[in-house]
Amino acid sequence: MQEMKTILAVGSIAIDTLQTPNGNRDNVLGGSATYFSLAAGMFAPVKLVGVVGKDYPKAGWQLFKSHNINIDNIQIMDGKTFRWGGRYSHDYSSRETLFTELGVFESFSPVIRSEDRCSPLVFLGNIQPDLQLEVAQLVTSVEYIVSDTMNLWIDLCPDKVKEVLAVSHIVLINHEEAIQFTGKKDIPEAACMLHSAGPEVVVIKMGAGGSYLSFNDRALYVPVFPVERIIDPTGAGDSFAGGFMGYLAQMGRPDFIEAVIAGSAVASFGVENFGPESLLNVTRKSLDGRISSIRSRMFAAEGV
Ligand code: AMP
C-alpha cells in the first residue's frame, strides 16, 4: 500500500461577513486556507502556512486543533486578521465583494520551518500571487504544485498570475476566471491556453455545471452532486481543492479523475451551511455515498 502524503498549503485565514438569500452571518471563520485544510484534512495530514492577527478568535485555533491541522507555520502578527465581506445575488448566480480589509496580510511574508519545506504536495490557495510564488520558492521535493486564483488578481496583476501558472503542475480555476484570464469563452480552448501557460493538468469548475478536466490529451466533464438547498457557497472552490488534493495525498497515485470526483463530493457538503460548518461533520460513509453517486452519473452520461 502507498504511504499517505502530507499536504503543505498556503492561503488566507479570514474572518468573513456573509450575506446570502438564506440569511446573513458576521464573524464567520473563513479564508481559502481554512476551507481547504478542513476539506483536505478529511483525507490526509495538512500543514498550513499563513498569517493571523492577535485578534484571531480561540474558536479558529480550536477548529484547526480538533481537525489535526498543523499550525506551526502560521504567524501571529500585531494587527488585525484579514477580513472579507461578500453578498450573493437572490439566486446565488453572482457574488459581490462588500469589503476587503487586508490587516496583517499587508506585511505578510511566508515562513516555512525547514523540516516542513520538503513536501510532495503543495497547494497555493487564493492569495496575492507574489506570496504564492514565495511559497513555491521555499518548498523542495515537490511532486505537484496545485494553484488557485481569483478575479481580483487576474485584474490587478495578470503577469504575476502567469508566473504562478508557470510553476504549477495543476491549476484549479473557475470558468469565469478561466475566461477572464485566457479571453476564450470556449472551455476546451481556455483549457488549452492554460496548459500552454504551464500546468499539465487543468480543472475548470463550472458551478452546478460540473468540472472540465484536461490532462495528457484527455478531456472529460465530471458532474456535481446535486445539492437540494444551497445556503452558502463561500469556499466551495477551496473545499473542492481540498477534496482533490486530499484524494491525491491519500491514494499516493495521480488518478486525476477520481480526485476531481472527490473534490466535487466534498464541495457539495461545504455549500449546505454557513461558513465551514457543514464540512465539520462529514462522515466517511456520507462522503463515499456522494462519491459513488457522482461516479455513476458520470459513467451514465458517458454511456459506459
Ligand atoms: P471562494 O468562495 O472559493 O472564492 O472563497 C471565499 C474565501 O476567500 C472567503 O472565506 C474569503 O475570506 C477569502 N477571500 C476573499 N477575497 C480574498 C482575497 N483577496 N485574498 C484572499 N482570500 C480572499
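To start, this report covers the structure provided alongside it. Computed from a predicted structure; not experimentally measured.

So, the packing of aromatic side chains
Right, so step 1: Summed over all chains, the structure comprises eight aromatic pairs.
Right, so step 2: On the numbers, 5.1 Å between centres and 80° between planes, the contact of Y56 with W61 is edge-to-face.
Right, so step 3: Owing to a relative accessible area of 7%, Y56 belongs among the buried residues under this scheme.
Right, so step 4: By relative accessible area, W61 is classed as partly exposed at 22%.
Right, so step 5: Taking 5.6 Å as the distance between ring centres and 90° as the angle between the ring planes, the aromatic pair formed by F105 and F108 counts as edge-to-face.

What to know about the pairing of strand β10 (residues 170-174)
Right, so step 1: In terms of residue burial, β10 counts as a mostly covered element, since four of its five residues are buried.
Right, so step 2: Here strand β9 (residues 144-147) pairs with β10 via two bridges, running parallel. Counted as the bridge partner of V146 is I170 from β10.
Right, so step 3: Relative to strand β11 (residues 201-205), β10 runs parallel, the two sharing five bridges. Across the sheet, residue I173 finds its bridge partner in β11, namely I204.

A look at the site of the ligand
Right, so step 1: The ligand sits among 17 residues. The nearest are S12, D16, G31, R95 and G235.
Right, so step 2: The contact in question runs from an oxygen atom of the ligand to an N or O atom on the side chain of D238, over 3.2 Å.
Right, so step 3: Protein contact buries 91% of the 500 Å² of open area that the ligand shows by itself.
Right, so step 4: Those elements that provide at least two residues to the shell around the ligand are β2 (14-20), β6 (82-88), α4 (151-156) and α8 (236-251).
Right, so step 5: For the shell around the ligand, a count of residues per class yields seven nonpolar, seven polar and three charged.

Cut-off values and rules
- Residues numbered from 1 in each chain as written.
- Predicted model: local features only at pLDDT ≥ 70, side-chain atom pairs only at ≥ 80, totals over all residues.
- Heavy atoms only, no water.
- Phe/Tyr/Trp six-rings, centres within 6.5 Å; stacked < 30°, edge-to-face > 60°.
- Buried < 20%, exposed > 50% of the residue type's maximum accessible area, 1.4 Å probe, protein only.
- Helix = DSSP H or I, 4+ residues; strand = E, 2+ residues; numbered from the N terminus.
- Pairing = 2+ DSSP bridges.
- Near = heavy atom within 4 Å.
- Polar contact = N/O pair within 3.5 Å; in protein donor to acceptor, adjacent residues only side chain to side chain.
- Areas by Shrake-Rupley, 256 points an atom, 1.4 Å probe, with all protein chains shown as cover.
- Nonpolar A, V, L, I, M, F, W, Y, C, P; charged D, E, K, R; others polar.

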